Amino acid sequence: MFWLLQVLLIFSIPALLGVGLIYLGFRRARKETARLKDPTRWDYVNQAAGYWIVGGLAICFSIFRLISALFG
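These numbers were taken from a predicted model, which means no experiment stands behind them.

Novice: With reference to specific residues and values, describe the overall build of the protein.
Specialist: Looking only at helices and strands, the protein has three helices and zero strands in total. From first element to last, N terminus to C terminus, the protein shows the α and β order α-α-α. Against the compact-globule benchmark of 11 Å for 72 residues, the protein has a radius of gyration of 17 Å, which places it well outside the compact range. In terms of its C-alpha atoms, the protein occupies a principal-axis envelope of roughly 55 × 15 × 10 Å. Expressed as a percentage of the 72 residues in the protein, the buried residues total 19%. Across the protein, the fraction of contacts at a sequence separation of at least 24, relative to all contacts at a separation of at least 6, is 68%. Carbon and sulfur atoms make up 71% of the accessible area of the protein, which amounts to about 5,700 Å² in all.

Novice: Lay out the confidence of the model for the protein with the relevant residues and their values.
Specialist: Averaged over all residues, the pLDDT of the protein is 90; the fraction at 70 or higher stands at 100%. Per-residue pLDDT, averaged within each element of the protein, yields its smallest value for helix 1 (residues 2-11) (84) and its largest for helix 2 (residues 13-33) (94).

Novice: Help me get a handle on the environment of Ser 62, residues and values and all.
Specialist: Secondary-structure assignment places Ser 62 in helix 3 (residues 41-71). A residue is classified by how much of its surface remains accessible, and Ser 62, at 1% relative accessible area, is buried. Between the C-alpha atoms of Ser 62 and Ala 15, which are 47 residues apart in sequence, the distance is 5.5 Å. Sequence-distant contacts of Ser 62, defined by excluding residues within four places in its chain, comprise Phe 11, Ser 12, Pro 14 and Ala 15.

Novice: Outline a nonpolar patch on the surface, listing residues and values.
Specialist: On the surface, Met 1, Trp 3, Leu 4, Leu 8, Ile 63, Ile 67, Leu 70 and Phe 71 cluster together into a nonpolar patch covering about 890 Å² of accessible area. For the nonpolar patch, the secondary-structure elements that each account for two or more residues are helix 1 and helix 3. With four residues, helix 3 is the largest single contributor of residues to the nonpolar patch. Tracing the backbone through its elements, the reader meets Ile 63 in helix 3.

What counts, and at which threshold
Residues numbered from 1 in each chain as written. Predicted model: local features only at pLDDT ≥ 70, side-chain atom pairs only at ≥ 80, totals over all residues. Heavy atoms only, no water. Helix = DSSP H or I, 4+ residues; strand = E, 2+ residues; numbered from the N terminus. Rg over C-alpha atoms; globule rule 2.2 N^0.38 Å. Buried < 20%, exposed > 50% of the residue type's maximum accessible area, 1.4 Å probe, protein only. Contact = heavy atoms within 4.5 Å. Areas by Shrake-Rupley, 256 points an atom, 1.4 Å probe, with all protein chains shown as cover. pLDDT = per-residue confidence, 0-100. Patch = residues over 30% accessible without salt bridge, like charges linked within 9 Å, V, L, I, M, F, W, Y side chains within 5 Å. Salt bridge = Lys/Arg side-chain N within 4 Å of Asp/Glu carboxyl O.

Laid out in structure tokens, this is it:
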């Protein structure tokens with residue numbers, strides 16, 4: 001039982017980092033588009049897309065590691 005709890009805690013760290021990166025992407029997009037006179041949706045997405053992609057990959061990696069540890 002303790003092994004399972006330890007695995008869940010250790011393998012969820014990349015997911016937490018991914019959520020943090022996605023949050024930072026939203027903050028950066030809001031900050032950068034505030035400078036523009038008439039920002040569009042694509043300006044917003046352009047500023048945050050890198051953070052969102054890396055954050056999403058970290059979350060997917062964490063999910064993969066959890067599934068492979070539990071069932072593999």
